[in-house]
Amino acid sequence: MPRSHPLFPILAVSVAFLAFFLRQYSLRQQQILKLWKIEDLAMYNGTDADGSPILLGILGSVFDVTKGRSHYGPGGGYHHFAGRDASRAFVSGNFTGDGLTDSLHGLSSVEVKSVVDWRDFYNRSYIYAGKVVGRYYDSHGEPTKYLKGVEVKAARGAQLLEKQKKEEAKLPDCNSRWSQQEGGEVWCETGYPRLVQKPLEIALTGKMRRRCACFKEEELAQPGLELYQDCGYLSKVCPVN
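Residues numbered from 1 in each chain as written. Predicted model: local features only at pLDDT ≥ 70, side-chain atom pairs only at ≥ 80, totals over all residues. Heavy atoms only, no water.

Undergrad: Please explain the sheet that holds strand β9 (residues 237–240) as it appears in this structure.
TA: Backbone-to-backbone hydrogen bonds pair the strands of a sheet. The strands run either parallel or antiparallel. The sheet built from three strands is open, its strands ordered β5-β6-β9 with antiparallel pairing. Every other strand in the sheet has two partners, leaving β5 (175–179) and β9 as the edge strands with one partner each. Going from strand to strand, the sheet's axes swing by 20° on average, the running direction of each strand aside. (Pairing = 2+ DSSP bridges. Helix = DSSP H or I, 4+ residues; strand = E, 2+ residues; numbered from the N terminus. Axes fitted to C-alpha atoms, helices over the stretch in contact; angles between N-to-C directions.)

Have a look at this one:
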């Protein structure tokens, strides 16, 4: 019986690898122009044993995240995003049930901006693989009014963030430190610590939050400033519970 050439096994493996590579490349090229139905996108969630690509959607844009299989595949920390458009979960942190939805209804402009920032991250970091027909793109792949509204709201969020940044820069932040043994404290090198509502915070997030800022003595009588509990009127250092 004739002996097989020693290079035959290597050649066979190389051919098989090339065939697999061409199949994956062809699939990815098709995906770039593809309009996805939600049920078709769900098939690419990383659970297939044949090594199919892992896809995720955000704001109707689809991305191939296969290179991050350890994160997006079964058991990965971001597997809940695979095979679906769960845009809301990128800012809500709700990765179960109704939380895994593409609807941004009720989110603030800054939260919407954050989702848009996530989409931009995927656009920079992964392979674009098409569009999901539905909330954000129509059957021809054209942006819907909903997507245009999201873009406008995100731009508004960016403007509000920039305005708040400028407003906060007018008042220096307090210094702060905390340790398990000694607890926390805030202090001012110049001026006196007071709690003050963050400017524009309700418009930004729909919630009212406060921060510690340093005020001069002649500014302490203005409304809206709150003295820390157990802190003297002119104390430069205040304990924080």
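Undergrad: Would you take a moment to explain the nonpolar core for this structure?
TA: Side chains that are nonpolar tend, in soluble globular proteins, to be buried together. By size, the foremost hydrophobic cluster in this structure holds 25 residues, and its most contacted members are I58, L59, L104 and Y122. Put simply, the parts of the chain that give this core at least two residues each are β2 (55–58), α4 (89–92), α5 (109–125) and α6 (145–169). By residue number, the principal contributor to this core is α5, which donates four residues. Filtering out sequence-adjacent residues up to four positions away, L59 remains in contact with D85, S87, L104, V115, V116, R119, Y136, Y137, L147 and V150. (Core = buried A, V, L, I, M, F, W, Y, C linked by side-chain atoms within 4.5 Å. Buried < 20%, exposed > 50% of the residue type's maximum accessible area, 1.4 Å probe, protein only. Contact = heavy atoms within 4.5 Å.)

Undergrad: Help me understand the environment of W187 in this model?
TA: For W187, the location among the structural elements is in strand β6 (residues 183–187). For W187, a relative accessible area of 17% translates into the label buried. With residues near it in sequence (within four places) discarded, W187 still touches C174, N175, S176, R177, P193, C214, K236 and V237. Polar contacts involving the side chain of W187 include one to the side chain of E189, which spans 3.3 Å. (Polar contact = N/O pair within 3.5 Å; in protein donor to acceptor, adjacent residues only side chain to side chain.)

Undergrad: I tried to follow the sheet that holds strand β3 (residues 61–64) on my own but got confused; where do I start?
TA: Read from one edge of the open sheet, four strands run β1-β4-β3-β2, paired in mixed fashion. Looking at the sheet topology across the chains shown, the edges are occupied by β1 (35–36) and β2.

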